[in-house]
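Structural description and commentary
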Amino acid sequence: MDADTAARPAVAPEPARKPLRVLAIANQKGGVGKTTTAINLGTALAAVGESVLLIDSDPQGNASTGLGIARSARKVTMYEVYMGEKTLEQAAIQTVLPGLDLAASDPDLSGLEMELAASPRRSYRLRDALSALRNTGKYSYVLIDCPPSLNLLTVNAMTGADAVFVPLQTEFFALEGLTQLMRTIELVRGSLNPALEIQGVVLTMYDRRNSLSEQVARDVRQHFGDTVYDTVIPRNVRVSEAPSYGKPVLIYDLKCAGSQAYLQLAREVVRRERDRRASKSK
Ligand SMILES: Nc1ncnc2c1ncn2[C@@H]1O[C@H](COP(=O)(O)OP(=O)(O)OP(=O)(O)O)[C@@H](O)[C@H]1O
Ligand SMILES: [Mg+2]
């Protein structure tokens, strides 16, 4: 030890702050698996060691109900966060799974568009709330479950997010409507959030017994290339049963094909994220 080092007071090193990745799970098409992916990718990410906040930004509140968070337990909701009255940290509720918190929805979110009509920075409400959260280093992933619309809630999610994560139902009309989604992403990039990226596209409700699924998957991969995850989420009845028990499918039935697929997806998301960071820092 040299004299210089010895003279320095011993200061405990600050714990390394986790880099945060905020993903808006969006597709204006209804019923494509946004909420199912938000709940189960969130759970699987927590299971592989990430710390996750799931933001339920849909007035339907399916992610909140699907995680078994009763209305009475939703003391602070996303409504107060959007109104600038509370922070995301105050809204975060612990779920049964360590490493996964939820910021719950409120039916009043459906009136937000009108309530904020004349407000300045109305598209930045979530971004402002997230910037306070980024300073805490508490989470490594934030997943935002968006409603099936390109409304103010979805625009807020895209403005606050680092990237958009697109679940695509493996069906004949899969690519239909994606032009609108891509145009919205371009619009947000052009004004509200120039840094917005597309994190990836995940095929959901894939049916192995149906040759159409295979054809659709091929078309989607041809259209989006590497943006599409290798992991495909199969249609699996356990996945659709789990929310009625207020549980992620990984807790309801860890061994089923749906749970295993979401675990594989989480590993792929983490691996791709590591690669993305490594190539950025070069
Ligand atoms: N892999 C799957 N296997 C079987 N059923 C699934 C699967 N993924 C989703 N579902 C079912 O499909 C329906 C729609 O899924 P989900 O609610 O996740 O879609 P969404 O895009 O969030 O819908 P919305 O647009 O209304 O918010 C639900 O009943 C859900 O249980
Ligand atoms: Mg939903």
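Going by the structure above, here's the rest.
Everything numeric here is computed off the predicted structure, so don't read it as measured data.

**Section: the site of ligand 1**
Taken together, 18 residues surround ligand 1, and among them Lys34, Thr35, Thr36, Pro234 and Asn236 come closest. Within the backbone of Val32, an N or O atom sits 3.0 Å from an oxygen atom of ligand 1. Contact between ligand 1 and Pro234: a nitrogen atom at 2.9 Å from a main-chain N or O atom of the residue. When ligand 1 sits alone it has 630 Å² of accessible area, and the protein chains cover 80% of it. Broken down by element, the shell around ligand 1 gets its largest block of residues, three residues, from helix H2 (residues 34-47). Here the shell around ligand 1 is built from residues that sort into six nonpolar, eight polar and four charged.

**Remarks on the pattern of salt bridges**
With the rule as written, the count across this model stands at 15 salt bridges. Asp128 is the partner of Arg121 in a salt bridge, and the nearest nitrogen-oxygen pair spans 2.8 Å. Owing to a relative accessible area of 34%, Asp128 belongs among the partly exposed residues under this scheme. Note that Glu241 and Arg238 form a salt bridge whose closest N and O atoms lie 2.9 Å from each other.

**A few points about unusual backbone geometry**
Among all residues except glycine, the phi angle is most often negative; among peptide bonds, the trans geometry is most common. Not every positive phi belongs to a glycine, and Arg121 is a case in point at roughly 55 degrees. Mapped onto the fold, Arg121 is located in the loop between helix H6 (112-115) and helix H7 (125-134). When its relative accessible area of 47% is taken as the criterion, Arg121 is described as partly exposed. If you check the backbone angles, Met205 has positive phi at about 55 degrees while not being a glycine. By secondary structure assignment, the location of Met205 is in strand S7 (residues 197-206).

Criteria and cut-off values
Residues numbered from 1 in each chain as written. Chains lettered and ligands numbered in written order. Predicted model: local features only at pLDDT ≥ 70, side-chain atom pairs only at ≥ 80, totals over all residues. Heavy atoms only, no water. Near = heavy atom within 4 Å. Polar contact = N/O pair within 3.5 Å; in protein donor to acceptor, adjacent residues only side chain to side chain. Areas by Shrake-Rupley, 256 points an atom, 1.4 Å probe, with all protein chains shown as cover. Helix = DSSP H or I, 4+ residues; strand = E, 2+ residues; numbered from the N terminus. Nonpolar A, V, L, I, M, F, W, Y, C, P; charged D, E, K, R; others polar. Salt bridge = Lys/Arg side-chain N within 4 Å of Asp/Glu carboxyl O. Buried < 20%, exposed > 50% of the residue type's maximum accessible area, 1.4 Å probe, protein only.

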